[in-house]
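# Geometric and topological summary
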Amino acid sequence: MRRTAGGALIHEGKILLGLRSSERNYYPDVWDVFGGHLEEEESPDAALARELKEELGITEPKFKQIAILNEPRVQEYGHAEHHIYAVTSWLGTPTKRGNEHSEIGWFTLEAMGSLSLASALYLQLFTKYLER
């Protein structure tokens, strides 16, 4: 089974998401958290830190896992387990790197409600996290 780790950066009540490029095999053209597949013998925490550095150029992230989601579109993408995190601090300025995302943006919860999101649960998860 595929395992992934993904996190959304949270700062001053806004959430940083990336619009996945149309060429992506999984979930093209939707707004998603940052992350990716776990490498062999890699923990979800280690994978998240690695992916945040690769995709956004940030280091020393502080984060909290807020959910483990099963792949909702098994017929299309196969079985997977997605570890979802809230990233609350980091070093560096988040900058889009590579071609995995066509753009990145900061969104309020209200604005997230009008986006095409990779998971319908993201809004609920991040609302619960921010309102705690």
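Everything quoted here is computed from the prediction, not taken from an experiment.

Here we come to the pattern of salt bridges. Scanning the model with the defined rule gives six salt bridges in all. Among the ionic pairs, Glu51 bridges to Arg50, the shortest N-O distance being 3.2 Å. Exposure class is identical for Glu51 and Arg50. Each is buried. When the shortest N-O distance is used, the salt bridge between Glu54 and Arg50 registers 3.4 Å. With Glu54 and Arg50 both in helix 1 (residues 44-56) and four residues apart, this pair spans about one turn of that helix. Connected via shared salt-bridge partners are Glu39, Glu42, Arg50, Glu51 and Glu54.

With that settled, the discussion passes to the packing of aromatic side chains. In the structure shown here, the tally under the stated rule is four aromatic pairs. Judged by centre distance (6.4 Å) and plane angle (25°), the ring pair of Trp90 and Trp106 falls under stacked. Separated by 16 residues along the polypeptide, Trp90 in strand 6 (residues 80-91) and Trp106 in strand 7 (residues 101-107) bring together distant segments of the chain. For Trp90, a relative accessible area of 17% translates into the label buried.

The next point concerns the nonpolar core. Core analysis: the biggest nonpolar cluster contains 22 residues, and Ile15, Leu17, Val33, Ile84, Met112, Tyr122 and Phe126 have the highest contact counts within it. Elements that contribute at least two residues to this core include exactly strand 1 (2-11), strand 2 (14-20), strand 5 (59-70), strand 6, helix 3 (109-112) and helix 4 (122-130). No other element matches the four residues that helix 4 contributes to this core. Residues contacting Tyr122, with those up to four places away along its chain left out, are Trp31, Asp32, Val33, Ile84, Met112 and Leu117. Membership of the second largest hydrophobic core comes to 13 residues, among which are Ala5, Leu16, Leu52 and Tyr85.

For the rest of this paragraph, the subject is the pairing of strand 2. Look at any regular strand and the pattern is simple: side chains alternate between the two faces of the sheet. In terms of residue burial, strand 2 counts as a mostly covered element, since six of its seven residues are buried. Pairing of strand 1 with strand 2, which is carried by three bridges, proceeds in the antiparallel orientation. Bridge pairing links Leu9 to Leu16 in strand 2. The hairpin formed by strand 1 and strand 2 contains two residues between the paired strands, and Glu12 there has a positive phi angle of roughly 50°. Here strand 2 pairs with strand 7 via six bridges, running antiparallel. Along strand 7, the bridge assignment pairs Leu19 with Glu103. In terms of strand pairing, strand 2 meets strand 3 (residues 31-32) through two bridges, oriented antiparallel. If you follow Leu19 over to strand 3, its bridge partner there is Trp31.

The rules behind each value
- Residues numbered from 1 in each chain as written.
- Predicted model: local features only at pLDDT ≥ 70, side-chain atom pairs only at ≥ 80, totals over all residues.
- Heavy atoms only, no water.
- Salt bridge = Lys/Arg side-chain N within 4 Å of Asp/Glu carboxyl O.
- Buried < 20%, exposed > 50% of the residue type's maximum accessible area, 1.4 Å probe, protein only.
- Helix = DSSP H or I, 4+ residues; strand = E, 2+ residues; numbered from the N terminus.
- Phe/Tyr/Trp six-rings, centres within 6.5 Å; stacked < 30°, edge-to-face > 60°.
- Core = buried A, V, L, I, M, F, W, Y, C linked by side-chain atoms within 4.5 Å.
- Contact = heavy atoms within 4.5 Å.
- Pairing = 2+ DSSP bridges.

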